[in-house]
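The primary structure of each chain is shown beneath.
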Amino acid sequence: MPVDRRGLALRPVFREPRVAVVPADHRLAGKQSVGIADLAAERLLQNPDAVPEWRDLPERNGAEGAGPPPAFRTVEEKLEHVATSGGVLVLPLSTAVYYTHADVAHVPIDDIGPNEVCLAWSAGRSSPLMSEFADIAAALHQGPAVMP
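Moving on to the overall build of the chain. Regarding its fold elements, the chain presents 4 helices and 5 strands. A total of 148 residues make up the chain; the buried ones form 34% of that total. Summarising the internal contacts of the chain: among those between residues at least 6 apart in sequence, 73% fall at separations of at least 24.

This paragraph deals with helix α4 (residues 128-140). The periodicity of an α-helix, 3.6 residues per turn, causes residues three or four positions apart to be oriented the same way. If you check α4, its first and last C-alpha atoms are 18 Å apart, about what 13 residues at 1.5 Å a residue would give, namely 18 Å. Packing partners of the buried residues in α4 comprise β1 (8-16) and β5 (115-122). The residue sitting at the N-terminus of α4 and contributing the capping side-chain oxygen is Ser 127; that oxygen lies 3.1 Å from the backbone nitrogen of Leu 129.

On to the packing of aromatic side chains, then. Counting across every chain of the model gives 1 aromatic pair. With a centroid separation of 4.9 Å and 80 degrees between ring planes, the pair formed by Tyr 98 and Tyr 99 is classed as edge-to-face. Tyr 98 sits in the exposed class, given a relative accessible area of 64%.

Another point: the side chain of Glu 16. Structurally, Glu 16 is set in strand β1. The buried charged residue Glu 16 lacks any salt bridge, with Arg 18 as its nearest oppositely charged partner at 9.4 Å. For Glu 16, the side chain forms a polar contact with the main-chain nitrogen of Ser 94, separated by 2.8 Å.

Moving on to the confidence of the model for the chain. Here the chain averages 83 in pLDDT, and 88% of its residues register 70 or above. In this model, residues 143-148 is a region of pLDDT below 50 whose contacts with residues beyond four sequence positions or in other chains number 9 contacts.

Below, the discussion takes up the side chain of His 26. Here His 26 lies in the loop between β2 (18-23) and α1 (52-55). For His 26, the side chain forms a polar contact with the side chain of Glu 42, separated by 3.1 Å.

A complete count under the given rule lists 6 salt bridges for this structure. Of the charged contacts in the structure, one is a salt bridge between Glu 77 and Arg 73, with a shortest N-O distance of 3.1 Å.

Further remarks concern the sheet that holds strand β4 (residues 104-108). Reading across from one edge, β3-β2-β4 is the order of the 3 strands in this open sheet, with antiparallel pairing throughout. Sheet topology places β3 (89-92) and β4 at the edges, where each strand pairs with a single neighbour. Within this sheet the neighbouring strands show an average axis-to-axis angle of 35 degrees, counted without direction. Taken together, the 4 bridges between β2 and β3 define a ladder with antiparallel strand orientation. The partner of Val 19 across the bridge, within β3, is Leu 91.

With that settled, the discussion passes to helix α2 (residues 75-85). Taken together, the buried positions of α2 are Val 75, Leu 79 and Val 82. Seen end-on, α2 carries its buried residues on one side only, within an arc spanning 60 degrees. Seen from the buried face of α2, the exposed residues on the opposite side, beyond 90 degrees, are Thr 84 and Ser 85. Of the surrounding elements, those touching the buried residues of α2 are β2, β3, α3 (93-98) and β4. Following α2 by one or two positions, Gly 86 has its phi on the positive side, about 85 degrees.

The rules we used
Residues numbered from 1 in each chain as written. Predicted model: local features only at pLDDT ≥ 70, side-chain atom pairs only at ≥ 80, totals over all residues. Heavy atoms only, no water. Helix = DSSP H or I, 4+ residues; strand = E, 2+ residues; numbered from the N terminus. Buried < 20%, exposed > 50% of the residue type's maximum accessible area, 1.4 Å probe, protein only. Contact = heavy atoms within 4.5 Å. Expected span 1.5 Å × (residues − 1). Polar contact = N/O pair within 3.5 Å; in protein donor to acceptor, adjacent residues only side chain to side chain. Phe/Tyr/Trp six-rings, centres within 6.5 Å; stacked < 30°, edge-to-face > 60°. Lys, Arg positive; Asp, Glu negative; His and termini not counted. Salt bridge = Lys/Arg side-chain N within 4 Å of Asp/Glu carboxyl O. pLDDT = per-residue confidence, 0-100. Pairing = 2+ DSSP bridges. Axes fitted to C-alpha atoms, helices over the stretch in contact; angles between N-to-C directions. Arc of directions from axis to C-beta.

In structure tokens:
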């Protein structure tokens, strides 16, 4: 999530905290946690619609570095850009933990909602198999996806 829900049936599977990924020598690296307002002066290296809490900060109006984020094909490219050129990413905790990079750090963000992963299928399709699959997937992922 987020995704355009029109025409889709959704089944939540799991939720997990989101973290800010910053250069290892950044002023916020090593903090126990940050608030979204702490990131207001930073260049967001992803589509702002993926982090509407950041996009909607009043402090962002007229901020330097605003504009479209750079285009990246992989998480590794994003992390390399953070390490070498700065900027910030907001990622699910599991992604930040899985894709390690020695020159970046991740910090929990206290005041934004968790990342939500859902199964999605066309709302016009009704099959007991889809419902059963969604139930099984949700049952397998009960509880946090990643232990902090």
